[in-house]
Every structure is written in C-alpha cells, then in structure tokens.
Amino acid sequence: MTTVIENNQQPDRLEVGTPLLEVKDLHVEFHTRDGIAKAVNGVNYSVAAGETLAVLGESGSGKSVTAQTIMGILDMPPGKVTQGEILYRGQDMLKMSNEERRRVRGRKIAMIFQDALSALNPVLSVGYQLGEMFRVHQGASRAEAKAKAIELMDRVRIPAAKQRVNDYPHQFSGGMRQRIMIAMALSLQPDLIIADEPTTALDVTVQAQVMDLLAELQAEYNMGLILITHDLGVVADVADKIAVMYAGRIVETAPVHDLYAKPAHPYTKGLLRSIPRLDQKGQELYAIKGLPPNLLKVPTGCAFNPRCDVATDLCRTETPALHQVTGKDGVELTGRRSACHLWKETLHG
Ligand SMILES: Nc1ncnc2c1ncn2[C@@H]1O[C@H](COP(=O)(O)OP(=O)(O)OP(=O)(O)O)[C@@H](O)[C@H]1O
Ligand code: SF4
Ligand SMILES: [Mg+2]
C-alpha cells in the first residue's frame, strides 16, 4: 500500500462497507490471587470500512480489555484469551504467525489512548516522535522525517506546526496533545483506529473539536473507527452503531439513532436516563441504582438483575441470550440485539 505521507498522494481508500474487524465470542480472563476474573465473557462485534462503532458501558465492563486484546497487548499473564476469534479482513489474528500479527497490529490497526501525556515521551520533541515512524519504518532521513511530522501536525490542525515541531509534549494543551496522538495513529495509514476514551480528559468544547477531527479524518480515508466511551452524549453525533457492554458481555447492539429512540435493554434505558438534559435543568439527575458487579462474583442469571427495576425470578437463574430484536410486526430489526428476557416489553411496552 502507498503511504500518503511518503508520496504526498491520497492513500488507497478502502471501499465503504469492506469488513475490517470481527470479534467473535471472545473470552478473556485474569488469574488473580482471589480467583478468576472473567473480564470479557463472550463478546461479539464488528466494524467495516467507513463505519464507527461506539462501545459503551460503565467502568470495569471490559471495554478496554477487549480493545487491548485486539491490539495484542493483553494476551500475557495475568491476562489470558481462553476462547474466540479476532478476524482482521477474515483472518484470525489469534492464529497468525508473530510476524503477520505484528504487521497487522503495528500498521493496519492503530490505537489512541485516553492519556496522551503518558503515551508521549516527555524528553523528546513531538516532531521527533512523529518523525520516528518514518525514520524507523521507511528509512526517511532526519530532514525528511521532520517535514513529514510538520505535514501531519498541519493535517490535525495544530496551529503554527513549523514553529512548534521542536516543542515538547508538556508545551501543548491537552486538546493539542490528543491531536498529536491522532497524528501518530494516522502516520502509518491504518485501516482501523481504536480510540479508548480519547476525549475524557478534555473539557467539553475541546472534546467536540477532537471528536469532529477524528470523524472527519475517518470519513476522508474510509477508516473503521471503534470509539470506546462511558459517555453516551459524546458518541451520538459520530457513531453509526453502538454496542453496550455490561460485566464483560454485550447486552445490546443497535444503530445509534434506534438505540437512542427506543432502547431494548433496561441497562441501556438507565444509561440514557442518566444523561444530563438541558430541559431538565434543576431536576435531580437519574442514576442506575447500585454498582457494577465484582467480576469474581458475577450474579447468576442476568448479571444486571440486582440493579434492574423489572427483574423477575427467571432473571436470577437464567442468563439471557443476545436475542435478535423484532418490531411489533415480528419483522427483524437490522443490527438490533438485546440480552434481556424482557426485551419485548422494554422495547414495545
Ligand atoms: N491487569 C489486570 N489484572 C486483573 N484484572 C484486570 C486487569 N486489567 C483489567 N482487569 C479486570 O478487567 C475488568 C475490565 O476492565 P476494563 O479496563 O476493560 O474496563 P473498562 O470497561 O475499560 O472500564 P473503564 O471505563 O474504567 O475504562 C476490570 O474490572 C478488572 O476486574
Ligand atoms: S434479563 Fe431481567 S434482570 Fe436482566 S435486564 Fe432483562 S429484565 Fe432486567
Ligand atoms: Mg477502559
């Protein structure tokens, strides 16, 4: 594949809809002193070129562990993948040779973390760090690498890139540092970007700017984007579809607008009710009662049952499968699934 930065050309654009990544029945556990924590317990999701999947869920639901497993930075003690497949363009990365896996994970899939300051090296200039990609991977000279770093900084709209290329990470604001992280992710021209809470540390206005930039670049290159967040508000405008996670499982999937309009799982319903709304100013904000479960002691049946207002006896004994959701007329609703015994009542009731 040609590189936009190397040749000053547009990169090969992927065709929208090309399947990129499919996670199938993934299980990851941690062996701790107190027992086995099943952090990821049968996760399925997929993302195609040009598509944005938002992965949503409270702290500890397994969002990051799933992402880190995809990136290959987790399958080592105490973490262990016990089951499942991670298909990149149809090929299972868990079965690839080390060399193949490195190539895919290093170049085709890039990750952006929440904390840009700790991801960047404080004693090296941002230009040096951005240029390193080209020196190491493409044998660029120092001057060439610097020129490419400036180009990338321009691309993510860092003002006065030429003057700032020799500055150090701490000399940039949080929002600008996150743009540098995006530039780094883009430098190898990946097919897929996984952004784990990329804007959580930023104030609301800067969050929106960074999110808009990500969405714009994604559309330009037709990349796939997995956006991990615990904030439903952040993803409403940029995501195509949502996967909601609870205690290591996907509990609901849906196209983003369908999920907002009519959730099919009580947990999602609770999350939506807890978003602050302008027309509710002054009123107390709703919060789902209780706390997410300890993964060493996940409740039997539906893991959400102790916190669910509509739980029945069945919920306490039988784990609900991820059901295909249908409309009132019985017709399947595309992309909609819910792991709730009462999904019909929740959706149509
Ligand atoms: N290194 C580890 N050792 C033991 N358990 C771990 C380790 N890393 C993660 N876990 C377990 O996996 C669970 C899921 O963690 P994960 O980081 O995926 O949550 P998350 O959904 O990303 O939450 P957050 O919103 O706080 O980032 C944690 O609650 C923890 O019990
Ligand atoms: S399965 Fe039962 S406990 Fe779980 S979310 Fe549905 S109604 Fe609530
Ligand atoms: Mg996380």
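Residues numbered from 1 in each chain as written. Chains lettered and ligands numbered in written order. Predicted model: local features only at pLDDT ≥ 70, side-chain atom pairs only at ≥ 80, totals over all residues. Heavy atoms only, no water.

Take the sheet that holds strand β12 (residues 332-338) next. Strand order across the open sheet formed by eight strands is β6-β7-β8-β3-β9-β10-β12-β11, with mixed pairing between neighbours. On the outer flanks of this sheet lie β6 (109-112) and β11 (323-326), each paired with one strand and no other. Adjacent strand axes in the sheet meet at a mean angle of 25° when their direction is disregarded. Of the strand pairs in this sheet, strand β7 (residues 192-196) and strand β8 (residues 224-229) are connected by five bridges, and their pairing is parallel. Its bridge partner being in β8, D196 is matched across the sheet by I228. Across the sheet, helix α3 (residues 98-108) is in contact with β6 and β7; its angle to β6 comes to roughly 50°. (Pairing = 2+ DSSP bridges. Helix = DSSP H or I, 4+ residues; strand = E, 2+ residues; numbered from the N terminus. Axes fitted to C-alpha atoms, helices over the stretch in contact; angles between N-to-C directions. Contact = heavy atoms within 4.5 Å.)

With domains assigned, the chain is organised as domain 1 (19-56 + 78-92 + 105-230) and domain 2 (245-276 + 285-348). Between the C-alpha centres of domain 1 and domain 2 the distance comes to 30 Å. Listed as interface residues are 15 residues of domain 1 and, on the opposing side, eight residues of domain 2. For the pair domain 1 and domain 2, the summed buried surface comes to about 920 Å²; carbon and sulfur atoms form 63% of the total. Contact with domain 2 buries area across many residues of domain 1, yet N41, V43 and L56 alone supply 44% of it, more than any other trio. Linking domain 1 with domain 2 are zero salt bridges. Counting across the domain 1 and domain 2 interface gives two residue pairs in polar contact (both at pLDDT 80 or more). Residue assignment for the side of domain 1 that touches domain 2 shows that the elements contributing at least two residues are β2 (35-48) and β3 (52-56). (Domains from an automatic or database assignment. Buried area = accessible area lost by both parts, 1.4 Å probe. Salt bridge = Lys/Arg side-chain N within 4 Å of Asp/Glu carboxyl O. Polar contact = N/O pair within 3.5 Å; in protein donor to acceptor, adjacent residues only side chain to side chain.)

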